[in-house]
2 protein chains.
Amino acid sequence: MIKIGIVGYGNLGRGVECAIRQNPDMELCAVFTRRSPDSLNILTPDVPVVHMDEILSWQGKLDVLILCGGSATDLPQQTPTLAKHFNVIDSFDTHAKIPQHFAAVDAAAQAGGHLAFISVGWDPGLFSLNRLYAAAILPQGKDYTFWGRGVSQGHSDAVRRIPGVADCRQYTIPVPEALDRVRSGENPTLTTREKHTRYCYVVAEEGADKAAIEQAIVTMPNYFADYDTTVEFITAEEMARDHSGLPHGGSVIRSGVTGWNGESKQTIEYKLTLDSNPQFTASVLVACARAVSRMYSRGETGCRSIFDAAPADLSILTREQLLAQLL
Amino acid sequence: MIKIGIVGYGNLGRGVECAIRQNPDMELCAVFTRRSPDSLNILTPDVPVVHMDEILSWQGKLDVLILCGGSATDLPQQTPTLAKHFNVIDSFDTHAKIPQHFAAVDAAAQAGGHLAFISVGWDPGLFSLNRLYAAAILPQGKDYTFWGRGVSQGHSDAVRRIPGVADCRQYTIPVPEALDRVRSGENPTLTTREKHTRYCYVVAEEGADKAAIEQAIVTMPNYFADYDTTVEFITAEEMARDHSGLPHGGSVIRSGVTGWNGESKQTIEYKLTLDSNPQFTASVLVACARAVSRMYSRGETGCRSIFDAAPADLSILTREQLLAQLL
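## Focus on the overall build of chain A
In step 1: The helix and strand inventory of chain A stands at eleven helices and 14 strands.
In step 2: In summary, chain A has a C-alpha radius of gyration of 22 Å against a globular reference of 20 Å for 327 residues, a match within 12%.
In step 3: Judged by the C-alpha coordinates and their principal axes, chain A covers about 65 × 55 × 35 Å.
In step 4: Within chain A, buried positions represent 57% of all 327 residues.
In step 5: Here the analysis covers contacts within chain A between residues at least 6 apart in sequence; of these, 68% occur between residues at least 24 apart.
In step 6: Here chain A displays about 13,200 Å² of accessible surface, and carbon together with sulfur accounts for 48% of that area.

Below is the structure:
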């Protein structure tokens, strides 16, 4: 059995707990939290909830720690700190800072003789993996990534910071015509505005100036100004009834050419349709935790990404089963 | 530079030659053939065409031999024989015989101290890879593979053996309603007939009994009897004009559930749309040849599949480039 600890128990941590239950070779041994352990009700019976201050007393008792904190402030500190003492895996998703995070985690994991995986999920993660495979197979081609239809938590948070906004759920939506053109192998050059639209469901505070809120949203630099954005005001009841889930998904498409003169079009698409973004990310983390455990037991230390794991190491099946059933 | 030799120069071998040209870290060093070398016109200038009888004189001069023979009779002999003397890679695609082929190649490669990859292409190959990743991530789920719209060479050949048939091109076509049901996450149970239809373009010999040909096709056991099959007679000119390509493709879809009570549906789809089946298979072989070369240089020997190669080993990019550009 692979012994797992979860650090942080929000949507992602709970998703990891659920995913472990689906994998018979894994066992949840402890959940670590910065909150008061008594205040936390986890789903798995008889598993201890432990305060983060005591985590070092668990050294040697866990195969992999799955870190479920946020990328803005938690993981840049937590992953290197914990990689000195445990094998760890995180879902760090600030693309621009990945090289720097990798270097910090690598140094810590090397120093402690442990193995760490960073940026595991679907983007970064499975989408990255598909960009790599597709580019290796079709060197003469072009990549497209479309996100959605799904809830962007960063954009929802940005709207919630506008004065007068009580709540917001922001959906990112790929433009169907852009998707069709890319899928046809046309290799179009697309602007930001041509690829995605944004749709905001907003609950306004009583007496708030809705026109001012809408204006503040659609002109917000980086987040909305470069997109066609629609703002719809709804009630708190409608928000709770229709928008409590965190669906997401998207497509990575590479369209390229083969043949002596590039005469054949070839298109590879990888598409996710997810009812629950955090639960799916959690499921990817758990499969990769298996790889961490196996690679560490073969003597590997330092930092890795999903690019470094042989696919077979993610699977519960033996090599014989893989050859006979899946190849 | 990775030095490549091609064994066999049909559609697949020529596709490999074209793919090598797209990869600046690779060099085609020789094409080996059982035909008279003088009779072969290859595309790359100044590359020798060598008779198979002389292949052993090339030991030590090539990093990887890419074997482009057929799975029925060529590869079961060739791959183990050549794996004693070279690093090799093949596209062996008789699914039921993969474990047996793997064992034979593994023994030969171990004995010779070489590394071999078998069953590399898109199915087996990329489709297998996606079945593995998707099943590891969504253990509670169901797999579906749809092939087409594309030309099945095995089915086309079977029709050509019917008396009175001068030529045939058989297209395998997924049933749109079945694809829609699977994509929606419904997890239906589908019969063979519900998943695919078959469409045969047939050129009849002069004076042939077309009704008898049609009857022979639609009732043919294994190949057509379990499918809804349409037969359309066309002229040799129409065949040459409209059906000279070898397009193919398909989708691997896994639909599963996550959450404590399986409350969230999650769907993963991997889809290929290929103008040229052999050229695409060739492109996968060439990317994996890079992995063979790298893994061998790290001391690995024996037989492997695409399941055993870390994705990074397929890419021309360095680890730093992968982290900064693709993760």
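There is more to say, and it comes next.
## A look at the sheet that holds strand β12 (residues 248-258) of chain B
In step 1: Spatial ordering of the open sheet is given by β7(A)-β12(A)-β13(A)-β13(B)-β12(B)-β7(B), a layout of six strands whose pairing is antiparallel. A strand with exactly one partner marks an edge of an open sheet, and here the two such strands are β7 (141-147) of chain A together with β7 (141-147) of chain B. The mean inter-strand angle of the sheet, taken between neighbouring strand axes irrespective of direction, is 10°.
In step 2: Where strand β13 (residues 264-274) of chain A meets strand β13 (residues 264-274) of chain B, nine bridges bridge the pair, whose relative direction is antiparallel. Looking at β13(B), one finds that A:T267 is bridged to B:T273.
In step 3: Against the sheet, helix α4 (residues 126-137) of chain B touches β13 of chain A together with β7, β12 and β13 of chain B, its axis set at about 5° to β12(B).
In step 4: In the packing of helix α10 (residues 277-297) of chain B onto the sheet, the strands contacted are β12 (248-258) and β13 of chain A together with β12 and β13 of chain B, and the crossing angle to β13(A) comes to about 70°.

## Some remarks on the sheet that holds strand β8 (residues 150-151) of chain A
All names here are of chain A.
In step 1: Strand order in the open sheet formed by four strands is β8-β9-β10-β11, and the pairing between neighbours is mixed. The two strands at the open ends of the sheet, each matched to only one other strand, are β8 and β11 (228-233).
In step 2: When β8 meets strand β9 (residues 165-174), the two strands line up antiparallel, connected through two bridges. Across the sheet, the residue bridging to G150 is T172, located in β9.
In step 3: The strands touched by helix α8 (residues 210-218) within the sheet are β9, β10 (196-204) and β11, with β11 carrying the most contacts at an inclination of about 150°.

## Regarding the interface of chain A and chain B
In step 1: Of the residues lining the interface, 68 residues belong to chain A; the matching set on chain B comes to 68 residues.
In step 2: Carbon and sulfur atoms make up 62% of the area that chain A and chain B hide from each other, which totals about 6,200 Å².
In step 3: Sorting the residues of chain A by area buried against chain B places A:Q22, A:W260 and A:L327 first, and these three jointly supply 15% of that buried surface.
In step 4: Our count for the chain A to chain B interface comes out at two salt bridges.
In step 5: Across the pair A:R319 and B:D308 runs a salt bridge, and its minimum N-O distance is 3.4 Å.
In step 6: Between chain A and chain B we count 32 residue pairs in polar contact (both at pLDDT 80 or more) in total.
In step 7: Elements represented by at least two residues in the side of chain A that touches chain B include exactly α1 (11-21), α3 (98-112), α4 (126-137), β12, β13, α10 (277-297), β14 (302-304) and α11 (319-326) of chain A.
In step 8: With eleven residues, β13(A) is the single largest residue contributor to the side of chain A that touches chain B.
In step 9: Class assignment for the residues of the side of chain A that touches chain B results in 36 nonpolar, 20 polar and twelve charged.

## Describing helix α6 (residues 176-183) of chain B
Residues and elements named next belong to chain B.
In step 1: Along α6, the residues that are buried comprise A178, L179 and V182. One side of α6 carries all its buried residues, which in axial view fall inside an arc of 100°. Residues of α6 that are exposed and point more than 90 degrees away from the buried face comprise E177 and D180.
In step 2: Considering only its buried residues, α6 is in contact with β7, β9 (165-174), α7 (192-195) and β12.
In step 3: Looking one or two residues past α6, G185 carries a phi angle of roughly 85°, positive in sign.

## Quick look at the relation of the copies chain A and chain B
In step 1: For the match of chain A to chain B, the screw axis carries a shift of 0.0 Å, the RMSD comes to 0.1 Å, and the turn is 180°. Taken together, the rotation and translation describe the operation of a two-fold axis.
In step 2: Same-surface contact between copies: 100% of interface residues of chain A are shared with the interface of chain B.

## Remarks on the state of the cysteines
A covalent bond bridging the sulfur atoms of two cysteines is what the word disulfide describes.
Residues and elements named next belong to chain A.
In step 1: Inspection of every chain in the model, using the stated rule, returns zero disulfides over all chains.
In step 2: Considering cysteine sulfurs only, C18 is the nearest to C68, which forms no disulfide, with 11 Å between them.
In step 3: The thiol of C168 is unpaired, and the distance to the nearest cysteine sulfur, on C200, comes to 4.7 Å.
In step 4: Classification of C168 by relative accessible area gives buried; the value is 0%.

## Digging into the pattern of salt bridges
In step 1: Under the counting rule described, the total for this entry stands at 30 salt bridges over all chains.
In step 2: A salt bridge links A:D242 to A:R241; its shortest N-O distance comes to 2.8 Å.
In step 3: Classification of A:R241 as exposed rests on a relative accessible area of 61%.
In step 4: Here B:R181 ties to B:E186 by a salt bridge, and the two come within 2.9 Å at their closest N and O atoms.
In step 5: Given the relative accessible area of 33%, B:R181 is considered partly exposed.
In step 6: What makes B:E186 partly exposed here is its relative accessible area of 43%.
In step 7: Connected through salt bridges with shared partners, the residues A:D157, A:R160, A:D167 and A:R169 form a single ionic network.

## Brief notes about the environment of B:F127
In step 1: Examined against the element boundaries, B:F127 turns out to sit in helix α4.
In step 2: Beyond its immediate sequence surroundings of up to four residues, B:F127 is in contact with B:W122, B:T145, B:F146, B:W147, B:G250, B:S251, B:V252, B:Y270 and B:L272.

## Looking at α1(A)
Residue and element names in this part refer to chain A.
In step 1: Across the eleven residues of α1, eight count as buried, placing the element largely inside the fold.
In step 2: Along α1, the residues classified as buried are L12, G13, G15, V16, E17, C18, A19 and I20.
In step 3: On its buried face, α1 sits against β1 (2-7), β2 (26-33), β4 (64-67) and α10.

Cut-offs used in this document
Residues numbered from 1 in each chain as written. Chains lettered and ligands numbered in written order. Predicted model: local features only at pLDDT ≥ 70, side-chain atom pairs only at ≥ 80, totals over all residues. Heavy atoms only, no water. Helix = DSSP H or I, 4+ residues; strand = E, 2+ residues; numbered from the N terminus. Rg over C-alpha atoms; globule rule 2.2 N^0.38 Å. Buried < 20%, exposed > 50% of the residue type's maximum accessible area, 1.4 Å probe, protein only. Contact = heavy atoms within 4.5 Å. Areas by Shrake-Rupley, 256 points an atom, 1.4 Å probe, with all protein chains shown as cover. Pairing = 2+ DSSP bridges. Axes fitted to C-alpha atoms, helices over the stretch in contact; angles between N-to-C directions. Buried area = accessible area lost by both parts, 1.4 Å probe. Salt bridge = Lys/Arg side-chain N within 4 Å of Asp/Glu carboxyl O. Polar contact = N/O pair within 3.5 Å; in protein donor to acceptor, adjacent residues only side chain to side chain. Nonpolar A, V, L, I, M, F, W, Y, C, P; charged D, E, K, R; others polar. Arc of directions from axis to C-beta. Least-squares fit on C-alpha atoms with pLDDT ≥ 70 in both. Disulfide = S-S within 2.5 Å.

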